[in-house]
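Topology and contacts: notes
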Amino acid sequence: HLSDLPQEIATERSAMLQLIRAGRIQDAYELVSALPADLRVGVKPFFTAFTSGRTTEIVTAHAASDIVAAIIEGTSLNLSAQVANGGGWNNLCAPVAAPVVLGVSGWQQRADLSLAEDELEAISAADAAVEAAISAVLFPDLSD
């Protein structure tokens, strides 16, 4: 069930990190490779970050250069970007990944995707968690 996914990712990520800390990189790789696709997509970036040196930075640099090139060339680029959209996409307020079109005028909201009810619930839960974390940092006296 989708509502279990965050905990399942945390559990598998923890198991993978224990193997890496023990120097068992191949075992960690095999663990990640054997995961179902939905778990693998949540765990594999951590494997890459902890085992591949500068791979994550290089991929990020390529993505950033693609974005800059699209803006300079005056073309539009459809992407999922972490934006604070003030409730403009599925009533989400926190800076979470949302589908946008990026162009010379900045980003614009893309049409709503057809998401299943459990997907909308998961996104809303993530939005609430990010909002709570931001509030706890910005307003620590109010979190009690």
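Above this text you will find the structure in question.
Let us look at the structure shown here. This structure is a prediction, so every number in the text was calculated from the model and none was measured. (Residues numbered from 1 in each chain as written. Predicted model: local features only at pLDDT ≥ 70, side-chain atom pairs only at ≥ 80, totals over all residues. Heavy atoms only, no water.)

**Remarks on the pattern of salt bridges**
Within this structure, the stated rule accounts for one salt bridge. For Arg24, the salt bridge identified is with Asp27, shortest N-O distance 2.8 Å. By relative accessible area, which is 31% here, Asp27 ends up partly exposed. (Salt bridge = Lys/Arg side-chain N within 4 Å of Asp/Glu carboxyl O. Buried < 20%, exposed > 50% of the residue type's maximum accessible area, 1.4 Å probe, protein only.)

**A word on the sheet that holds strand E1 (residues 77–83)**
Spatially, three strands are ordered E1-E2-E3 in an open sheet, and the strand pairing comes out antiparallel. In the strand order of this sheet, the two ends are held by E1 and strand E3 (106–109), each with one partner. Each adjacent strand pair in this sheet contributes to an overall mean axis angle of 55°, direction not counted. Here strand E2 (residues 96–103) runs beside E3; their pairing, made up of four bridges, is antiparallel. (Pairing = 2+ DSSP bridges. Helix = DSSP H or I, 4+ residues; strand = E, 2+ residues; numbered from the N terminus. Axes fitted to C-alpha atoms, helices over the stretch in contact; angles between N-to-C directions.)

**So, the environment of Arg40**
Its location among the elements puts Arg40 in helix H3 (residues 37–51). Separated by 31 residues in sequence, Arg40 and Ile9 have C-alpha atoms that sit 8.2 Å apart. The residues touching Arg40, leaving out its near neighbours within four places in the chain, are Val32, Ser33, Leu35 and Pro45. (Contact = heavy atoms within 4.5 Å.)

**A closer look at the packing of helix H1 (residues 5–21) against helix H2 (residues 25–34)**
For the pair H1 and H2, the least separation of the axes is 7 Å and the interaxial angle reads 160°. The orientation of H1 relative to H2 falls into the category roughly antiparallel. As H1 runs across H2, the sense of the crossing is left-handed. The segment H1 lies against H2, with Glu12, Ala15, Met16, Leu19 and Ile20 engaging Ile25, Asp27, Ala28, Leu31 and Val32. Looking at the contact of H1 with H2 residue by residue, the classes come out as eight nonpolar, no polar and two charged. (Parallel < 35°, antiparallel > 145°, perpendicular 65-115°, else oblique. Left-handed = near helix turned anticlockwise from the far one by under 90°. Nonpolar A, V, L, I, M, F, W, Y, C, P; charged D, E, K, R; others polar.)

**Topic: the packing of aromatic side chains**
Counting across every chain of the model gives one aromatic pair. Taken together, a centroid distance of 5.9 Å and an interplanar angle of 50° make the contact between Tyr29 and Phe47 tilted. Of the two residues, Tyr29 is situated in helix H2 and Phe47 in helix H3; the sequence distance between them amounts to 18 residues. A relative accessible area of 42% places Tyr29 in the partly exposed class. Here the basic side chain of Arg13 rests over the ring of Phe46, its NZ or CZ set 4.7 Å away from the ring centre. (Phe/Tyr/Trp six-rings, centres within 6.5 Å; stacked < 30°, edge-to-face > 60°. Lys NZ or Arg CZ within 6 Å of the ring centre and 35° of its normal.)

**A word on the nonpolar core**
Grouped together as the largest cluster of nonpolar side chains are twelve residues: Leu5, Ile9, Met16, Leu17, Leu19, Ile20, Ala28, Val32, Leu35, Leu39, Val43 and Phe47. For this core, the elements supplying multiple residues, two or more each, are H1, H2 and H3. In terms of residue count, H1 provides more of this core than any other element does, six residues in total. (Core = buried A, V, L, I, M, F, W, Y, C linked by side-chain atoms within 4.5 Å.)

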